[in-house]
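Residues per chain are reported as follows:
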Amino acid sequence: MEHTADNCIFCKIVSGEIPAERLHEDDKFICIRDVRPQAKVHLLLVTKRHIPSLDELYAKTGAPGVGEAALEVATAVARKQGLLPGGFRLVINTGGHGGQTVFHLHIHLLGGNDLEGTFG
Ligand code: 5GP
Ligand code: ZN
């Protein structure tokens, strides 16, 4: 299946077609809760633009500043959600082997409990 903006679940959430609580919103990102949480707190920082993956962001689309802004916003959201100073983890699954299932760029923000040395 092609991963276009037309059949993209995150585009529908960004546009409001599918309602979701927004824990954060700015000109570049929204932050929502993951429907299948893998930690006590599991949030998704989702780009407003339909960028299919990290590969497209850097190799094709060329959107200067998005990566840096994402790290800054993710850290601010983590702080606002009470995950600091305890700590948190950011994950970006990229492509099939990376475990990416939704092909619209997003950062997993995990925390709220001790994640130990495991990933995912
Ligand atoms: P990926 O595997 O692409 O890195 O992560 C996709 C994530 O999106 C998964 O953790 C999955 O649980 C979450 N997810 C899939 N569909 C929806 C949805 O409709 N709403 C929300 N909030 N999360 C979703
Ligand atoms: Zn999309």
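So, a few notes on the structure that sits alongside this text. Just so you know, the residues in each chain are numbered from 1, in the order the chain's sequence is written. The lettering of chains begins at A and the numbering of ligands begins at 1, in the order of writing. Thresholds applied to this predicted model are a pLDDT of at least 70 for local features of residues and 80 or more for the giving and counting of side-chain atom pairs; totals over whole chains, interfaces and linings are not thresholded and use all residues. Side-chain figures throughout are based on the complete set of non-hydrogen atoms in the structure, without hydrogens or water.

What follows concerns the coordination of the zinc ion (ligand 2). Here the term donor refers to an N, O or S atom within 2.8 Å of the metal (or 3.2 Å for Na, K and Ca), and because water is left out of the atoms, sites may appear incomplete. Those donors, Cys-8 (SG), Cys-11 (SG), His-50 (ND1) and His-104 (ND1), are the protein atoms that reach the zinc ion (ligand 2), and they lie 2.0 to 2.3 Å from it. Each of the 4 donor atoms around the zinc ion (ligand 2) contributes to a set of angles spanning 103 to 117 degrees, which defines the coordination as tetrahedral. Mapping the donors of the zinc ion (ligand 2) onto the primary sequence gives the spacing C-x2-C-x38-H-x53-H. Angle rules define the geometry names used: all angles between 85 and 135 degrees makes four donors tetrahedral, while opposite donors over 155 degrees apart and all other angles between 65 and 115 make four donors square planar and six octahedral, leaving every other case irregular.

Taken in spatial order, the 5 strands make up an open sheet running β1-β2-β3-β5-β4, and their pairing is antiparallel. In this open sheet, the two edge strands, each paired with only one partner strand, are β1 (24-25) and β4 (88-91). In short, DSSP must find at least two bridges between two strands for them to pair. Helix and strand assignments come from DSSP, with helices taken as H or I runs of at least 4 residues and strands as E runs of at least 2, each series counted from the N terminus. Examined bridge by bridge, strand β3 (residues 41-47) and strand β5 (residues 106-111) share 6 bridges and lie antiparallel to one another. Paired with Val-46 across the strands is His-106, a residue of β5.

What follows concerns helix α3 (residues 66-80). Under the convention used throughout, the expected extent of a helix is 1.5 Å for every residue step, that is, one less than its residue count. In a regular helix each residue adds 1.5 Å, so 15 residues correspond to 21 Å; α3 covers 20 Å between its end C-alpha atoms and thus fits that length. Exposure is judged per residue with a 1.4 Å probe applied to protein chains only, and the accessible area is read against the type maximum: over 50% gives exposed, under 20% gives buried, and values in between give partly exposed. Residues Val-66, Ala-69, Ala-70, Val-73, Ala-74, Val-77 and Ala-78 constitute the buried set of α3. Projected onto a plane normal to the axis of α3, the buried residues spread over an arc of 165 degrees and lie on a single side. α3 presents Glu-68, Glu-72 and Arg-79 as exposed residues on the side facing more than 90 degrees away from its buried surface. Once α3 ends, the next one or two residues include Gly-82, with phi positive near 80 degrees. The directions considered for the arc are those from the helix axis to the C-beta atoms.

Coordinates in, geometry out; function isn't part of it.
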